[in-house]
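Residues per chain, in single letters:
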Amino acid sequence: KAGVTQTPRYLIKTRGQQVTLSCSPISGHRSVSWYQQTPGQGLQFLFEYFSETQRNKGNFPGRFSGRQFSNSRSEMNVSTLELGDSALYLCASSFGDWFSEPYEQYFGPGTRLTVT
Amino acid sequence: EDKVVQSPLSLVVHEGDTVTLNCSYEVTNFRSLLWYKQEKKAPTFLFMLTSSGIEKKSGRLSSILDKKELFSILNITATQTGDSAIYLCAVEGGTTDSWGKLQFGAGTQVVVTP
């Protein structure tokens, strides 16, 4: 079974630009969560999507947004990039049926974003 | 707010030693606690502990959960240089604003020397 895939793997952008990152979950997984990882703040939750609906959002500014498609693939967008947005962006997929037993989250390889 | 504290922050051991990593947590309506291993890439899932599964073991790795004292331990026996990594602990709460959200600790950096 293929794992979680993310594209692109590396990205260099200039301050003020916008960027779109993509995540394809494990087949059969309907939940996709996004995280930002930086040396100073560690892993921080951005948002989670399930069946094309955002169910949860972390404490990030509105410049960070996302969406999920009917095939469970997800994208996140960051507009008006700032230097502080340089980070490893990770997505994780899960079955996501939170009304039953807990499910593991499996991470993709991440997208390394550098803002200059 | 959910909180996860890992200790120690880093440690160096010799091959063959046993390592014990600690994770204490505060979370509303505990649902699960997960351990991940992170090398120079994305976190790799190790274990998930829940109310119905408080002990897990896989090869040289094992983990327990103490729901009363709100902590978990990850043990690595007979360490190898390939065990060098950052070990992350994360918890998931059981409220609607916890859906899909893992709260991570800062991690423990483990270095295994030959």
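Just above sits the structure.
Residues numbered from 1 in each chain as written. Chains lettered and ligands numbered in written order. Predicted model: local features only at pLDDT ≥ 70, side-chain atom pairs only at ≥ 80, totals over all residues. Heavy atoms only, no water.

Asker: I keep staring at unusual backbone geometry and nothing clicks. Help me out?
Answerer: Negative phi values dominate among residues other than glycine, just as trans dominates among peptide bonds. Across the junction of A:T7 and A:P8, the peptide omega takes the value -10 degrees, indicating a cis bond. For A:P8, the location among the structural elements is in the loop between β1 (5–7) and β2 (10–13). With omega at -10 degrees, the peptide bond leading from B:S7 into B:P8 counts as cis. Inspection of the secondary structure assignment puts B:P8 in the loop between β1 (3–7) and β2 (10–14). Of note in the backbone geometry, A:S72 takes a positive phi value of approximately 75 degrees without being a glycine. Its location among the elements puts A:S72 in the loop between β7 (64–68) and β8 (74–78). Classification of A:S72 as buried rests on a relative accessible area of 11%. Even without a glycine there, the phi angle at B:L70 is positive, about 60 degrees. (Helix = DSSP H or I, 4+ residues; strand = E, 2+ residues; numbered from the N terminus. Buried < 20%, exposed > 50% of the residue type's maximum accessible area, 1.4 Å probe, protein only.)

Asker: What exactly am I supposed to notice about the nonpolar core here?
Answerer: It is characteristic of soluble globular proteins that their nonpolar side chains tend to be buried jointly. Core analysis: the biggest nonpolar cluster contains 23 residues, and B:V19, B:L21, B:Y25, B:L33, B:W35, B:Y87 and B:V110 have the highest contact counts within it. Of all the secondary-structure elements, those providing two or more residues to this core are β2, β3 (19–26), β4 (32–38), β5 (44–49), β7 (61–66), β8 (71–76), β9 (85–92) and β11 (108–113) of chain B. In terms of nonpolar packing, the next biggest core, distinct from the first, is built from 21 residues, A:V4, A:V19, A:F47 and A:V115 among them. (Core = buried A, V, L, I, M, F, W, Y, C linked by side-chain atoms within 4.5 Å.)

Asker: Please clarify how the pattern of salt bridges should be interpreted in this entry.
Answerer: Any two side chains of opposite charge can pair if their charged atoms end up close together. All names here are of chain A. Under the defined criterion, the tally for this structure stands at seven salt bridges over all chains. Across the pair E82 and R63 runs a salt bridge, and its minimum N-O distance is 3.6 Å. Highlighted residues: E82 in the loop between β8 and β9 (87–94) and R63 in the loop between β6 (53–57) and β7, separated in sequence by 19 residues. Since its relative accessible area comes to 41%, E82 is described here as partly exposed. R63 gets classed as buried once you look at its relative accessible area, which sits at 16%. The salt bridge involving E75 is made with R67; its shortest N-O contact spans 3.2 Å. For R67, a relative accessible area of 46% corresponds to the partly exposed category. (Salt bridge = Lys/Arg side-chain N within 4 Å of Asp/Glu carboxyl O.)

Asker: Explanation requested: the interface of chain B and chain A in the structure shown.
Answerer: Size of an interface, as often reported, equals the accessible area lost when the parts are brought together. Taken together, the contacts link 21 residues of chain B with 23 residues of chain A. Of the roughly 1,800 Å² buried at the junction of chain B and chain A (both faces included), carbon and sulfur atoms supply 62%. In terms of surface lost to chain A, no three residues of chain B exceed B:R31, B:W99 and B:G100, which account for 35% of the buried area on that side. Where chain B packs against chain A, one counts zero salt bridges. Linking chain B to chain A there are eight residue pairs in polar contact (both at pLDDT 80 or more). Every element with two or more residues in the side of chain B that touches chain A is listed here: β4, β5 and β9 of chain B. (Contact = heavy atoms within 4.5 Å. Buried area = accessible area lost by both parts, 1.4 Å probe. Polar contact = N/O pair within 3.5 Å; in protein donor to acceptor, adjacent residues only side chain to side chain.)

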